[in-house]
Amino acid sequence: MHTRAPCARMPQPGAVPELPEVETIVRQLAPLVEGRMITAAEILDPRWSAPLSPDELGEALLGRRIQSLGRRGKYIVWELGDELHLVQHLRMSGVVLFEPDREPGHVRVRLELDGGRAHVVVSDARRFGTGQLVAGAAELELFFAERLGLEPFDEDFTGAHLRALVRGRRTPIKALLLDQRRVAGVGNIYADEALFRARIHPERRAGALTLAQCEALREGVIEALASGIDARGASIDDFRHVDGVRGTFQERFLVHRRAGEPCPRCGGEIRKLVVAGRGTYVCERCQPRPRRRR
DNA sequence: AGGTCGGCCTGGCAGC
DNA sequence: TGCTGCCAGGCCGACC
């Protein structure tokens, strides 16, 4: 049992890795693993390696040199040479640790690098995380093309681009933001923060947004994500840096998980709703509720 | 074909 | 105190 400062009003459970959390991991881990060789690979959970068996995936990783570590959406991409890639997703509770002081719980993967000079451990309490091999540069492109829209920091991610994405869509704007095929990397936390910044109600019909609102939303998404990266991610429950340290973005949430607290902009009360099946936090004074229509 | 919903999974919490 | 049950939530596939 490690000591943990008792935290008043600490919401549980939570924080899932989204773009800023994955970016934080990749930035920290890349210089520690790039150029190193995988000299042992132990996969302890067949769900992680599926459809390959743990042995098959372990075998494929063995003897590979890590060329580079990158991110696309919420995926971590391990480039292993000869156009082979390990595409890793942390899903709900995945954590990647480098040389952990203590053995963490729920270890699913253990990589030994350079004959034991370094170790990487993947821990994942809820077991949704995955690692799959994608062979070929074109195949990797296709893998992401089928699953992910533009990166929010791509220069083509503009208000006009968003306007084109939402056109004719009747789904709530929050559901659209959470759809990785439309916008890559935004999850529940950053969707709430981005919509608050843009003063748009999460239940607003996507297709009803004006160009000006799409431009504001683009700004909101980028500012929320950049702020999250700057704070090295949010740790409510599971998320940790590669050295086990917590992120700090949860301290900077404007509305997310702040039901009952005053809005930082107008002082009105922050409310919790359910939108697209997700806990959703909103200041309905700053983000006016859409009029009922059909 | 766009939209919605259930399943996967488990720690932690509420409720009794 | 200890047990049960319920919830979160990314992504995928089934369904309408």
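These lines cover the structure that appears in this document, whether it is placed above or below. (Residues numbered from 1 in each chain as written. Chains lettered and ligands numbered in written order. Predicted model: local features only at pLDDT ≥ 70, side-chain atom pairs only at ≥ 80, totals over all residues. Heavy atoms only, no water.)

1. Topic: the sheet that holds strand β4 (residues 84–89)
Strand order in the open sheet formed by four strands is β2-β3-β4-β8, and the pairing between neighbours is antiparallel. Both outer strands of the open sheet, β2 (68–72) and β8 (130–135), are each paired with one neighbouring strand and no more. For this sheet, the mean inter-axis angle between neighbouring strands, taken without regard to orientation, is 25°. In the sheet, β4 pairs with β8 via six bridges, with the strands oriented antiparallel. Within the sheet, the bridge partner assigned to H85 lies in β8 and is V134. Across the sheet, helix α1 (residues 19–33) touches β2 and β3 (75–79), and the angle it forms with β2 is around 175°. Contacts between helix α3 (residues 54–61) and the sheet are confined to β4 and β8, with β8 contributing the most and set at about 55° to the helix. (Pairing = 2+ DSSP bridges. Helix = DSSP H or I, 4+ residues; strand = E, 2+ residues; numbered from the N terminus. Axes fitted to C-alpha atoms, helices over the stretch in contact; angles between N-to-C directions. Contact = heavy atoms within 4.5 Å.)

2. Describing the protein's contact with DNA strand B
Near DNA strand B there are ten residues, and of these R47, A125, R127, F128 and R169 occur at the shortest range. The sugar-phosphate backbone supplies 72% of the atoms of DNA strand B found within 4 Å of the protein. Within the side chain of R127, one N or O atom sits 2.9 Å away from a phosphate oxygen of DNA strand B. Taking R170, its main chain carries an N or O atom lying 3.0 Å from a phosphate oxygen of DNA strand B. Taken together, the residues that form the surface near DNA strand B break down as two nonpolar, three polar and five charged. (Near = heavy atom within 4 Å. Polar contact = N/O pair within 3.5 Å; in protein donor to acceptor, adjacent residues only side chain to side chain. Nonpolar A, V, L, I, M, F, W, Y, C, P; charged D, E, K, R; others polar.)

3. Considering the packing of aromatic side chains
Two descriptors summarise a pair of aromatic rings, namely the distance from one centre to the other and the angle between the planes of the rings. The final tally for this structure, using the stated rule, is five aromatic pairs. Seen from their ring centres, Y75 and F143 are 5.6 Å apart, and the 80° between their planes marks the pair as edge-to-face. Residue Y75 is located in strand β3, and its partner F143 is located in helix α4 (residues 137–147); the two are separated by 68 residues in the primary sequence. Note on accessibility: Y75 and F143 belong to one class, buried. For the ring pair Y190 and F249, a centre distance of 5.2 Å and an interplane angle of 15° mean the geometry is stacked. With Y190 in helix α7 (residues 188–197) and F249 in the loop between α8 (211–230) and β9 (271–275), this residue pair connects regions lying 59 residues apart in the sequence. No difference in accessibility class separates Y190 from F249, as the two residues are buried. (Phe/Tyr/Trp six-rings, centres within 6.5 Å; stacked < 30°, edge-to-face > 60°. Buried < 20%, exposed > 50% of the residue type's maximum accessible area, 1.4 Å probe, protein only.)

4. Section: the pairing of β3
Of all five residues that make up β3, four are buried, and the element is covered over most of its length. Two strands pair when backbone bridges link them, and β2 and β3 are joined in this way by five bridges, in the antiparallel orientation. Paired with R72 across the strands is Y75, a residue of β3. Two successive antiparallel strands, β2 and β3, enclose a turn made up of two residues, where G73 displays a positive phi of approximately 60°. Direction of pairing for β3 relative to β4: antiparallel, over a ladder of five bridges. Counted as the bridge partner of V77 is V87 from β4.

Just geometry here; none of it tells us what the structure is for.
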